[in-house]
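# Structural characterization, general
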Amino acid sequence: MRRAIYPGSFDPVTKGHLDIIERSSRLADELIVSVLNNSAKNSLFFVDERVSMLKEMTSYLPNVTVGSFDGLLADYAKRMDAAVIIRGLRAVTDFEYELQIAQTNHELYPDIETVFLTTRLEYSYLSSTIVKEVASYGGDISRFVPQQIVERIYAKYGVGD
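Reference entry: report on the structure contained in this document. (Residues numbered from 1 in each chain as written. Predicted model: local features only at pLDDT ≥ 70, side-chain atom pairs only at ≥ 80, totals over all residues. Heavy atoms only, no water.)

### Considerations on the layout of surface pockets
For the record, the criterion: Cavities and pockets are found on a 1 Å grid laid over the protein atoms alone: a cavity is a set of points where a 1.4 Å probe fits but cannot escape, a pocket is an open set with protein on both sides within 12 Å along at least five of seven lines, and a lining residue has an atom within 4 Å of such a point. Grid points are joined across faces, edges and corners, and a volume is the space filled by probe spheres set on the points. Each helix corresponds to a stretch of at least 4 residues labelled H or I by DSSP, and each strand to a stretch of at least 2 residues labelled E; elements are numbered beginning at the N terminus. In this count, Pro and Cys sit with the nonpolar residues alongside Ala, Val, Leu, Ile, Met, Phe, Trp and Tyr, while Asp, Glu, Lys and Arg are called charged and the others, Gly among them, polar.
A volume near 1,000 Å³ is recorded for the largest pocket. Pro 7, Gly 8, Ser 9, Arg 87 and Glu 98 are, among the 38 residues lining the largest pocket, the residues nearest its centre. Those elements that provide at least two residues to the lining of the largest pocket are β1 (3-8), α1 (15-25), α3 (73-79), β4 (84-89), α4 (92-108) and α5 (128-136). By residue number, the principal contributor to the lining of the largest pocket is α4, which donates seven residues. Residues belonging to the lining of the largest pocket are distributed by class as follows: 16 nonpolar, 15 polar and seven charged.

### Remarks on unusual backbone geometry
So the rule is basically this: A simple rule labels every residue: compare its accessible area, found with a 1.4 Å probe on the protein chains alone, to the largest value its type can have, and call it buried under 20%, exposed over 50%, or partly exposed in between.
The step from Asp 11 to Pro 12 runs through a cis peptide bond, and the omega angle for that step is 0°. Mapped onto the fold, Pro 12 is located in the loop between β1 and α1. The phi torsion at Phe 10 lies on the positive side, around 50°, for a residue other than glycine. Tracing the chain through its elements places Phe 10 in the loop between β1 and α1. Unusually for a residue other than glycine, Asp 81 sits at a positive phi of about 55°. For Asp 81, the location among the structural elements is in the loop between α3 and β4. You can call Asp 81 exposed: its relative accessible area is 55%.

### Notes on the pattern of salt bridges
Rules: Take a side-chain nitrogen of Lys or Arg and a carboxyl oxygen of Asp or Glu: if they are within 4 Å of each other, that pair is a salt bridge.
Taken as a whole and assessed by the stated rule, the structure comprises 10 salt bridges. With a closest N to O distance of 2.8 Å, Arg 87 and Glu 98 form a salt bridge. Highlighted residues: Arg 87 in strand β4 and Glu 98 in helix α4, separated in sequence by 11 residues. Shared partners join several salt bridges into a network, and the residues in it are Asp 11, Arg 50 and Lys 132.

### Concerning the packing of helix α2 (residues 47-58) against helix α6 (residues 147-157)
We count it as follows: A fitted line through C-alpha atoms represents every axis, and for helices the fit uses only the stretch in contact; the resulting angles, taken between N-to-C directions, go from 0 to 180 degrees. Throughout, the term roughly parallel applies to angles under 35 degrees, roughly antiparallel to angles over 145, roughly perpendicular to angles from 65 to 115, and oblique to all others. Take the far helix as your reference; a near helix turned counterclockwise from it by less than a right angle gives a left-handed crossing, and one turned clockwise gives a right-handed crossing. Two residues qualify as a contact provided that any one of their heavy atoms is within 4.5 Å of a heavy atom in the partner residue.
Contact pair α2 / α6: the axes reach a minimum separation of 11 Å and the direction vectors enclose 165°. Accordingly, the angle class assigned to the pair α2 and α6 is roughly antiparallel. The way α2 lies across α6 gives a crossing that is left-handed. Two secondary-structure elements touch here, α2 through Glu 49, Met 53, Glu 56 and Met 57 and α6 through Gln 148, Ile 149, Arg 152 and Lys 156. Split into classes, the residues belonging to the contact of α2 with α6 amount to three nonpolar, one polar and four charged.

### Observations concerning the pairing of strand β3 (residues 64-69)
Working note: regular strand, side chains alternate between the two faces of the sheet. For clarity, the cut-off: DSSP-based pairing: two strands are paired if at least 2 bridges between them are found. Seen with the strands pointing away from the viewer, any crossover whose path from the first strand over the helix to the second strand runs clockwise is right-handed.
Note that strand β2 (residues 30-36) and β3 share six bridges and pair parallel. Opposite Leu 31, over in β3, you have Val 64 as the bridge partner. Handedness of the β2-α2-β3 crossover: right-handed.

### Examining the side chain of Thr 58
Rules: N or O atoms within 3.5 Å of each other form a polar contact, as long as, within protein, one can give a hydrogen and the other can take it, and as long as residues adjacent in sequence are counted only when both atoms are side-chain atoms.
If you trace the backbone, Thr 58 turns up in helix α2. Of the polar contacts made by the side chain of Thr 58, one reaches the backbone oxygen of Leu 54; its length is 2.7 Å. Thr 58 has contacts with Leu 18, Ile 21, Val 64 and Val 66, leaving out every residue within four places of it along the chain.

### Regarding the packing of aromatic side chains
We count it as follows: Only centres within 6.5 Å qualify two rings of Phe, Tyr or Trp (six-membered ring in Trp) as a pair; their planes then separate them into stacked at under 30 degrees, edge-to-face at over 60, and tilted for everything else.
All told, the structure shown has four aromatic pairs when counted by the stated rule. Note on Phe 69 and Tyr 76: the rings are 4.5 Å apart at their centroids and 15° apart in plane angle, and the pair reads as stacked. Taking relative accessible area as the criterion, Tyr 76 reaches 5% and is therefore assigned buried. Both rings, one in Phe 95 and one in Phe 116, keep their centres 5.6 Å apart while their planes meet at 70°; by these two values the pair is edge-to-face. Here the residue Phe 95 occupies a position in helix α4, and Phe 116 occupies one in strand β5 (residues 113-118), the gap between them amounting to 21 residues.

Given below as structure tokens:
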């Protein structure tokens, strides 16, 4: 069985993330979407909230599970017996950074391969950071994130109360 991991902060999950999840789920027998618990970041949502949202958004994909991890991705991939790490790329600048991480992960865990999926053109500008910026000013984020979580994001900023 080919097991893949799609790691990220997903704070919040965007339509771009979901596109990569759907496409990745067709490439692996099992896809583990893994929320990074990075205490150095000031996150909008707690890890358990992000895991819950991702489970809700991916419930229709039978080979997708959602969890969380902290520490090194290579160590987590080894514990999960994963053969592949999936990473999404929006632009050339993403590639330079992601290539260094992929090479480091391969050095730490030689059995792991990284697969880069380019984002669909319609999501090439989209990031969780942009979503948070727009939402913080009460802007329309409905084109960026699943409808089910729009109000949850606004609530974090006290928008619409």
